Amino acid sequence: MKVLDAAFVQGFIRVCDDGARMNWHERNGGNLSYRIKPEEVESVKEELAFDKPWQPIGTSVPNLAGEFFLVTGTGRFFRNVILDPAANICIIEVDEKGENFRICWGLVNGGRPTSELPSHLMNLEVKKLVTNGRYRVVYHAHPANTIALTFVLPLEDKVFTRELWEAMTECPVVFPAGVGVVKWMVPGGREVAVATSELMKKYDVAIWAHHGIFCSGEDFDTTFGLMHTVEKAADILVRVMSMSPTKRQTITPRNFRDLAADFKLTLPEEFLYEK
Ligand code: 2HA
Ligand code: ZN
């Protein structure tokens, strides 16, 4: 099969296009990665080339050794992915040590995988381990309302989780583990990758202060839906805070406990504190 005919590639392209239309990807902002299933790699093998040089990842991901990933290219614009996927995204293979990668398909006009490759691979590795291989997608975007909140809320997991949960009833159902927050850090490097992947052991969402969101999920729909839900809640919260310095009424800890019982959710008590 041709790479571009594969369902996982079409799903990846759709996320890029939907994200661009959501206004989450100004210029070259954001990046996306997918840990390809062995049978999917097999299905497109006719188009994969193994003659490109190995290059350092910049970190070590031994639990991803020998796996293949579909990732966006650095400097590439999400809005262009649908127009010319082969020029803007690539398939990479990780070596047997989990320290180097090589490009096997795509980026036909040259280039490298996303500048956030260390964060993507470290997050994919953590998620592979903690979900028994279920999670395959890591998505990074720059949604305005969530970024705006990082200027006014304390950069604490327990504050962001509780405020986002209160903003919309579906939130604790969609992200029952809560969200983590990373203080401002230089993007693109190993340090921010380590901090983010540490949070990904516990959460599916990591908010980067004054920068954006990393989130992870099992497939493209749930991962895009998670980004969408967090940003929608942030949008509501920004509107509420713009209208009034205080909330007249809200969803209470008691309400959350009732919801958890009915929806059979485990909502960590650390987020159900009295204010
Ligand atoms: O421009 O979003 O974090 C790509 C990025 C870097
Ligand atoms: Zn970014």
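Here the structure is shown first, and the text comes after it.
Attention here is on the structure that accompanies the text. Sequence order sets the numbering: in each chain, residues are counted from 1 along the sequence as written. Chain labels run from A onward and ligand labels from 1 onward, assigned in the order the entries are written. Residues qualify for local features only when their pLDDT is at least 70, as the model is predicted, and side-chain atom pairs are given and counted only at 80 or more; totals for whole chains, interfaces and linings, by contrast, use all residues. Derived side-chain values reflect all non-hydrogen atoms in the structure, with water molecules and hydrogen atoms excluded from consideration.

Structural notes on the packing of aromatic side chains
Inference 1: To pair, rings of Phe, Tyr and Trp, with the six-membered ring standing in for Trp, must have centres within 6.5 Å; the planes then decide the type, stacked if under 30 degrees apart, edge-to-face if over 60, and tilted in the middle. Taken as a whole, this structure holds 11 aromatic pairs when the rule is applied.
Inference 2: Considering the side-chain rings of W24 and Y139, the 6.5 Å spacing of their centres and the 50° angle between planes classify their relative orientation as tilted. Separated by 115 residues along the polypeptide, W24 in the loop between α1 (7-21) and β1 (31-35) and Y139 in strand β6 (residues 137-141) bring together distant segments of the chain.
Inference 3: Exposed residues in this analysis have more than 50% of their type's maximum accessible area, buried residues have under 20%, and partly exposed residues fall in between, with area computed by a 1.4 Å probe over protein chains only. The buried category is assigned to Y139, whose relative accessible area is 0%.
Inference 4: Summarising the aromatic geometry, the rings of W24 and F224 are spaced 5.3 Å apart at their centres and angled 35° between planes, so their arrangement reads as tilted. A run of H or I in DSSP becomes a helix once it reaches four residues, and a run of E becomes a strand once it reaches two; helices and strands are each numbered from the N terminus.

Points about the coordination of the zinc ion (ligand 2)
Around a metal, the perfect tetrahedron of four donors has angles of 109.5 degrees, and the perfect octahedron of six donors has angles of 90 or 180 degrees.
Inference 1: Think of the donor list as every N, O and S atom within 2.8 Å of the metal, or within 3.2 Å for Na, K and Ca; water never makes the list, so a site can look incomplete. Here the zinc ion (ligand 2) is held by the protein donor atoms H140 (NE2), H142 (NE2) and H211 (NE2), which lie 2.0 to 2.1 Å from it.
Inference 2: Each donor residue of the zinc ion (ligand 2) belongs to the same chain, with the gaps between them written as H-x1-H-x68-H. Taken as a pair, H142 in the loop between β6 and α6 (144-149) and H211 in the loop between β8 (205-208) and β9 (212-217) lie far apart in primary sequence, 69 residues in all.
Inference 3: According to the relative accessible area criterion, H211 is buried, its value standing at 16%.

Points about the sheet that holds β8
Inference 1: At least two DSSP bridges between two strands are required for those strands to pair. Read from one edge to the other, the open sheet built from nine strands follows the order β2-β5-β4-β3-β1-β6-β9-β8-β7, with strand pairing classed as mixed. In the strand order of this sheet, the two ends are held by β2 (55-56) and β7 (180-182), each with one partner.
Inference 2: Here three bridges tie β7 to β8, and the two strands are oriented parallel to one another. Within β8, the position partnered with V182 by the bridge is W208.
Inference 3: The contact criterion used throughout is that any non-hydrogen atoms of two residues lie within 4.5 Å. Angles here are taken between N-to-C directions and fall from 0 to 180 degrees, while the axes themselves are lines fitted to C-alpha atoms, restricted in helices to the stretch in contact. Here helix α10 (residues 220-243) sits on the sheet and contacts β1, β6, β8 and β9; the angle it forms with β9, its principal contact strand, is near 145°.

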